[in-house]
Every structure is written in structure tokens, then in C-alpha cells.
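Understanding the architecture of this molecule
Each chain, written out:
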Amino acid sequence: EFELPGSEEGAWFSLNRLSLGRSALWVLGAGDRLFRIDPSGSGAPERVPGVAASGVVASGDGAWALTETPRGYVFARVSATGAVSARVPVAATHIDGLAAGAGAVWATAPQAGLLWRIEPGATRSIPVGAGARGVAVAGGHVWVANAAHGTVTRVDPRTNDVTRVLRVGNAP
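Residues numbered from 1 in each chain as written. Predicted model: local features only at pLDDT ≥ 70, side-chain atom pairs only at ≥ 80, totals over all residues. Heavy atoms only, no water.

1. A few points about the nonpolar core
Trp64, Phe75, Ile95, Leu98, Ala107, Trp116 and Ile118 are the most contacted members of the largest nonpolar core, which has 16 residues in total. Only β6 (62-69), β7 (72-78), β8 (84-90), β10 (104-109) and β11 (114-119) provide two or more residues apiece to this core. (Core = buried A, V, L, I, M, F, W, Y, C linked by side-chain atoms within 4.5 Å. Buried < 20%, exposed > 50% of the residue type's maximum accessible area, 1.4 Å probe, protein only. Helix = DSSP H or I, 4+ residues; strand = E, 2+ residues; numbered from the N terminus.)

This is how it looks when you write it as C-alpha cells:
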């Protein structure tokens, strides 16, 4: 069993605080510190120095950590060894959903109605409609759930174009 450091702060929940990659479980602990855990259960959690984040998504053998700065958001690429190899700023006012795949990290900005594509050294926004929250990568596409409109939007990661909007009702 693993025990992460506790917190005296009030409870706060985010769906982007835990992500399983090929070689590690990445988790945000007390004080938003990033930890790497061996999924086999051996060893103690390893703190990634210098990274405090509000979200994390595994990507390959490493992860991307989302940090908020006074100027906006920055995604830090963290290697399997815990070294930060890239920092990519994103000009968004709020980030909600995170996913990795199809050669990039994807993040939703619900108020702006944007899906952000993040790669080392480059970002791109794709209009998908206000209310876009959840995001997943599957079947060669990026999928965005829009709770405000009851839709799921399919984006082609090769062209960054919306290729289909499916009405599912309620708040996916």
C-alpha cells in the first residue's frame, strides 16, 4: 500500500489528478505536488521536484502537468525520470478536461468553447462550442463532450477539423 502525504486543506476534487501511463502512475498530492508511483506496487511514491500542478495526464513513459500562472496556463512535459523537458504556455482562461494521444495533449476550455492541441513548442485552438468539458482520444479521433449542448464532437487530429457532432442529450 502507498500513502501519499495528507493535507490540512479542505477537500478539493478534480478528475485530472490521477493518470496511468506505460511505466508510472502519476498523481497530484498535497500542495498540488506531482508524484510518480511504480504501478507494480514496489517502492515509495517519488516526488517530482519543482512541479506543482492542477492537472496531470500520462503520455508515453512520461506525463504532462498543467500549472496555472498569473499569465495563464503552462503545460510541463515530465519524463519518466521526473525531469521537465519542455514548458508550453497556453493562452486559455480556464482548462477543464485533459487527454493524451494522437501525437499531442488535448485540453478543453469550456467558457471559450475551445479544444487546445498542445505539443512541445506549439499550441493550436480548435473551436468546438462553449460548454466543452470532457475529452478523450480513441479510434483515431479526439472526442469532446459538451455538457451545455448535450453533444459529443469528433475532431480529426490529422487536420484539426471538427468532422461530426453527435447529439446524445443530457450532459455527457
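2. Thoughts on the sheet that holds β6
What the four strands build is an open sheet, ordered β5-β6-β7-β8; its pairing is antiparallel. The open sheet has two free edges, formed respectively by β5 (55-59) and β8, since each of these has just one partner strand. For this sheet the average axis-to-axis angle between neighbouring strands, irrespective of direction, equals 25°. Across five bridges, the pairing between β5 and β6 is antiparallel. Opposite Gly55, over in β6, you have Leu66 as the bridge partner. (Pairing = 2+ DSSP bridges. Axes fitted to C-alpha atoms, helices over the stretch in contact; angles between N-to-C directions.)

3. With respect to the pattern of salt bridges
One pass over the full model with this rule turns up five salt bridges. Of the charged contacts, one joins Asp32 and Arg17 as a salt bridge, the two residues approaching to 3.0 Å between their closest N and O atoms. Taken together, the residues Asp32 in the loop between β2 (25-28) and β3 (33-37) and Arg17 in the segment before β1 (18-20) connect sequence positions 15 residues apart. Its salt-bridge partner being Arg117, residue Glu119 comes within 3.0 Å of it at the nearest N-O pair. On the basis of relative accessible area, Glu119 is assigned to the partly exposed category, the value being 28%. (Salt bridge = Lys/Arg side-chain N within 4 Å of Asp/Glu carboxyl O.)

4. Some points on unusual backbone geometry
A positive phi is found at Asp32, a non-glycine position, where the angle reads about 60°. Of note, Asn160 is a non-glycine position whose phi angle comes to about 65°, a positive value. Of note, Asn160 is situated in the loop between β15 (151-156) and β16 (161-167).

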